[in-house]
Amino acid sequence: MIRVMLVDDHELVRLGVRRLLGDFDDIEVVVEAASGEDALSLVREHKPNVVLMDVNMPGIGGVEATRKLLKLVPELSVVAVTAHGEQPYPSRLLEAGVKGYITKECDGSEIATAIRTAAKGEFYFSAQIAQEMAMNFATEGKSPFDGLSQREWQIMTMISRGDKVQDIADSLCLSPKTVSTYRYRLMEKLKVNTDVELTHLAIRHGVIDA
């Protein structure tokens, strides 16, 4: 039996995925988490084999949560589930250590296939994402976000979602001054001057939902 943790900040999404996976005798959802922070606090107690991880969540987000989960439990397999197929998310998730990446348009059968593949330690990408990654590689497409460091990327996504400096600082255990310094550096790299411009840029490149 493959033990699965669902991580998504939308209860209806978790409910839907749980119902879809209920059709498969070899997969059991053992725990749900509404954030990356919750996943970190629950993973050792419930001992999942595979985590279905929503990428675009409040707080530390799916990319950083994946990185931290795999530090806590290296043998864990993480499958990212997201509406974002375009770069830069696939490359960031691969760097974080995911074994799979599927879109929220996938049906229950494909989600189950992704879980089974990841549980064996193998990689699985949905057709849409694999195609977009191949096209990006073939055209050598570059995203303005490629030059950000891991921490700058993390703070950029939180700012783009509308999080305040103090909230980001509390979530990441940093001082507000440090967050502001990262904010200045990443905005300089991206050549934007305001949070609104940053958000518009993030939307255009598929980093966050419109």
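About the thresholds
- Residues numbered from 1 in each chain as written.
- Predicted model: local features only at pLDDT ≥ 70, side-chain atom pairs only at ≥ 80, totals over all residues.
- Heavy atoms only, no water.
- Helix = DSSP H or I, 4+ residues; strand = E, 2+ residues; numbered from the N terminus.
- Buried < 20%, exposed > 50% of the residue type's maximum accessible area, 1.4 Å probe, protein only.
- Contact = heavy atoms within 4.5 Å.
- Polar contact = N/O pair within 3.5 Å; in protein donor to acceptor, adjacent residues only side chain to side chain.
- 1 Å grid on protein atoms, 1.4 Å probe; cavity = no way out; pocket = protein on both sides within 12 Å on 5 of 7 lines; lining within 4 Å.
- Points joined across faces, edges and corners; volume = space filled by probe spheres on them.
- Salt bridge = Lys/Arg side-chain N within 4 Å of Asp/Glu carboxyl O.
- Core = buried A, V, L, I, M, F, W, Y, C linked by side-chain atoms within 4.5 Å.
- Pairing = 2+ DSSP bridges.
- Right-handed = clockwise from strand over helix to strand, strands pointing away.

1. As for the environment of R183
Piece 1. One can find R183 in helix α9 (residues 176–190).
Piece 2. We classify R183 as partly exposed; its relative accessible area is 27%.
Piece 3. A sequence separation of 27 residues divides R183 from M156, and the C-alpha atoms of the two residues are 7.2 Å apart.
Piece 4. Filtering out sequence-adjacent residues up to four positions away, R183 remains in contact with I159 and D195.
Piece 5. Of note is the side chain of R183, whose polar atom sits 2.9 Å from the side chain of D195.

2. Examining empty space enclosed by the protein
Regions of empty space are outlined by a rolling probe, equal in size to a water molecule, passed over the atoms.
Piece 1. Tallied over the entire structure, the rule returns one cavity of 30 Å³ or more.
Piece 2. Here the largest cavity defines a volume of roughly 100 Å³.
Piece 3. Lining the largest cavity are 14 residues, and of these I60, V63, E64, W153 and T157 sit closest to its centre.
Piece 4. At the level of elements, α3 (61–72), α4 (89–96) and α7 (150–160) are the ones that each hand at least two residues to the lining of the largest cavity.

3. Some thoughts on the pattern of salt bridges
Piece 1. The full count for this structure, using the stated rule, is ten salt bridges.
Piece 2. When the shortest N-O distance is used, the salt bridge between K189 and E152 registers 2.8 Å. Note that K189 is positioned in helix α9 and E152 in helix α7, a separation of 37 residues in sequence.
Piece 3. Since its relative accessible area comes to 42%, K189 is described here as partly exposed.
Piece 4. Salt bridges linked by common partners bring D8, D54 and K104 together as one network.

4. Re the nonpolar core
Piece 1. Ranked by internal contacts, the top residues of the largest apolar core, which has 44 residues, are F145, M156 and L190.
Piece 2. The leading source of residues in this core is α7, at five residues.
Piece 3. Counting 20 residues, the second largest nonpolar core, distinct from the first, contains V4, V50, I111 and Y124.

5. A closer look at the pairing of strand β1 (residues 2–7)
Piece 1. A large share of β1 lies buried, amounting to five of its six residues.
Piece 2. As judged from the six bridges shared by β1 and strand β2 (residues 27–33), these two strands associate in the parallel manner. The residue bridging V4 from the neighbouring strand is V29, located in β2.
Piece 3. Handedness of the β-α-β unit built from β1, helix α1 (residues 11–21) and β2 comes out right-handed.
Piece 4. With four bridges joining them, β1 and strand β3 (residues 50–54) adopt parallel strand pairing. Looking at β3, one finds that V4 is bridged to V50.

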